[in-house]
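Inside the fold
Spelled out from the first residue to the last, the chains are:
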Amino acid sequence: MHYIDVHCHIVPGVDDGAKTLADSQRMLRIAWEEGIREIIATPHYYPGYYMTERSVSDPAFARLTEWQREALPEMRLYRGNEVCLGRGDVSDAIYRKTILPMAGSNYLLVEFDVDVTLEQMKKELYRVANMGLWPILAHVERYRCLYGWRMDGEVQKLAYFQVNAASLLGEHGSREKKFVKKLLKKDQIHFVATDAHSPGRRSPRLREAGLQLRETFGEERERRLLFENPGKVIAGEKI
């Protein structure tokens with residue numbers, strides 16, 4: 001089994017992720033060593049900050065894939081965005097295809113500011129769902145509005161949940177790690193991803209998280225969160 005990473009800022013020069021093509025190349029080599037064979041590139045679309053037009057992102061992705069086909073021909077790269085909701089209407093950018101769903105599917109990776117309220121989160125997720133898209137909520141462990149003892153069932157019905165591998169391993173503190181473990185115990189997580197931004201501190205690593213999933217929850221859970229569910233996103237199939 002190989003791994004599929006559904007959240008990675010690997011396209012050079014378009015957001016706060018990889019700065020140069022050399023950074024992207026190093027990230028791809030790290031991902032390969034980690035057992036990752038497929039990556040959905042998800043640059044930020046963050047109104048007021050990162051709103052890169054396709055005239056910039058298309059050539060950047062093309063340069064990366066040109067190198068990848070020569071250096072790592074068995075690797076597969078797909079396109080998407082990580083869209084920040086709650087900072088203005090993004091529907092026009094979606095219709096104009098400035099914002100890209102994941103791997104050409106109906107899945108859309110979304111995020112919020114960390115201080116978002118539960119009501120605002122629900123409102124924005126409903127809006128995305130009403131456009132015929134299937135939202136995946138990125139790094140759910142960051143949102144304090146979800147930290148109640150019982151998860152809000154309405155949010156779970158509106159979005160699939162993704163957590164970062166680094167949070168699972170405790171690299172962002174014990175509070176986030178504890179919350180991730182709580183969700184995993186309740187089987188409420190659909191994806192574990194890297195959210196990688198560089199070949200340095202925030203690099204594309206999944207192997208240790210996969211091992212911890214296998215040891216704690218079994219090989220079936222590791223396979224489902226790191227291969228089967230991500231594979232369904234690429235295939236455009238409902239989970």
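Parameters at a glance
- Residues numbered from 1 in each chain as written.
- Predicted model: local features only at pLDDT ≥ 70, side-chain atom pairs only at ≥ 80, totals over all residues.
- Heavy atoms only, no water.
- Helix = DSSP H or I, 4+ residues; strand = E, 2+ residues; numbered from the N terminus.
- Buried < 20%, exposed > 50% of the residue type's maximum accessible area, 1.4 Å probe, protein only.
- Contact = heavy atoms within 4.5 Å.
- 1 Å grid on protein atoms, 1.4 Å probe; cavity = no way out; pocket = protein on both sides within 12 Å on 5 of 7 lines; lining within 4 Å.
- Points joined across faces, edges and corners; volume = space filled by probe spheres on them.
- Nonpolar A, V, L, I, M, F, W, Y, C, P; charged D, E, K, R; others polar.
- Pairing = 2+ DSSP bridges.
- Axes fitted to C-alpha atoms, helices over the stretch in contact; angles between N-to-C directions.
- Right-handed = clockwise from strand over helix to strand, strands pointing away.
- Phe/Tyr/Trp six-rings, centres within 6.5 Å; stacked < 30°, edge-to-face > 60°.

Each helix and strand in the protein chain was counted, giving nine helices and nine strands. The C-alpha extent of the protein chain, read off along each of the three principal axes, is 50 × 45 × 30 Å. Here the protein chain holds 239 residues, and the buried ones make up 54% of them. Expressed as a percentage of contacts within the protein chain between residues at least 6 apart in sequence, the contacts between residues at least 24 apart total 75%.

Turning our eyes to something else, we now look at empty space enclosed by the protein. Counted according to the given criterion, the structure contains two cavities of 30 Å³ or more. Computed from the structure, the largest cavity encloses a volume of approximately 120 Å³. Mapped by element, the contributors of at least two residues to the lining of the largest cavity are β3 (44-45) and α2 (54-71). Residues belonging to the lining of the largest cavity are distributed by class as follows: seven nonpolar, six polar and two charged. In terms of lining residues, the second largest cavity is bounded by Leu85, Gly88, Asp89, Val90, Ser91, Glu124, Arg127, Val128 and Met131. The element contributing the most residues to the lining of the second largest cavity is helix α4 (residues 118-129), with three residues. Considered class by class, the residues forming the lining of the second largest cavity number four nonpolar, two polar and three charged.

Strand order in the open sheet formed by three strands is β1-β2-β4, with parallel pairing between adjacent strands. Strand pairing shows two members of the sheet lacking a second neighbour, β1 (3-8) and β4 (76-79), which therefore form its edges. Here the strands of the sheet are splayed against their neighbours by 20 degrees on average, with no regard to which way each runs. In the sheet, β1 pairs with strand β2 (residues 36-41) via four bridges, with the strands oriented parallel. Paired with Tyr3 across the bridge in β2 is Ile36. Each of β1, β2 and β4 is contacted by helix α1 (residues 21-33), which is oriented at about 135 degrees to β2, the strand it contacts most.

Here the focus is the layout of surface pockets. In this structure, the largest pocket encloses a volume near 280 Å³. Breaking the lining of the largest pocket down by element, the ones donating at least two residues are α6 (165-168) and α8 (207-217). Per element, the largest residue contribution to the lining of the largest pocket is three residues, and it comes from α8. Partitioning the lining of the largest pocket into residue classes produces five nonpolar, four polar and nine charged.

Before going further, it helps to spend a moment on the pairing of strand β7 (residues 134-137). Across the two faces of β7 the burial is the same, with Trp134 and Ile136 and Pro135 and Leu137 all buried. As judged from the four bridges shared by strand β6 (residues 107-111) and β7, these two strands associate in the parallel manner. Opposite Leu109, over in β7, you have Ile136 as the bridge partner. Traced from β6 through α4 to β7, the parallel crossover comes out right-handed.

Another point: the packing of aromatic side chains. Aromatic ring pairs are described here by two measures, namely the spacing of the ring centres and the angle between the planes. Per the stated rule, a full pass over the model turns up five aromatic pairs. Ring geometry for Tyr46 against Tyr49: centres 5.1 Å apart, planes inclined by 80 degrees, an arrangement best described as edge-to-face. For Tyr46, a relative accessible area of 15% corresponds to the buried category. Considering the side-chain rings of Phe112 and Tyr143, the 6.2 Å spacing of their centres and the 85 degrees angle between planes classify their relative orientation as edge-to-face. Here the residue Phe112 occupies a position in the loop between β6 and α4, and Tyr143 occupies one in the loop between β7 and α5 (153-158), the gap between them amounting to 31 residues.

A word on the sheet that holds strand β9 (residues 191-193). Strand order in this open sheet of six strands is β3-β5-β6-β7-β8-β9, and the pairing throughout is parallel. With partners counted over all chains shown, the strands left at the sheet margins are β3 and β9, one partner each. As defined by bridge partners, strand β8 (residues 160-164) adjoins β9 across three bridges and the pair is classed as parallel. Opposite Gln162, over in β9, you have Phe191 as the bridge partner. Taken strand by strand, helix α9 (residues 219-235) contacts β6, β7 and β9, and its axis lies near 100 degrees from that of β9.

Looking now at unusual backbone geometry. The backbone of Lys97 sits at a positive phi, close to 65 degrees, despite the residue not being glycine. Within the secondary structure, Lys97 sits in the loop between α3 (91-95) and β6. The exposure class assigned to Lys97 is exposed, which follows from its relative accessible area of 53%. One non-glycine residue, Ala103, lies in the positive phi region at around 55 degrees.

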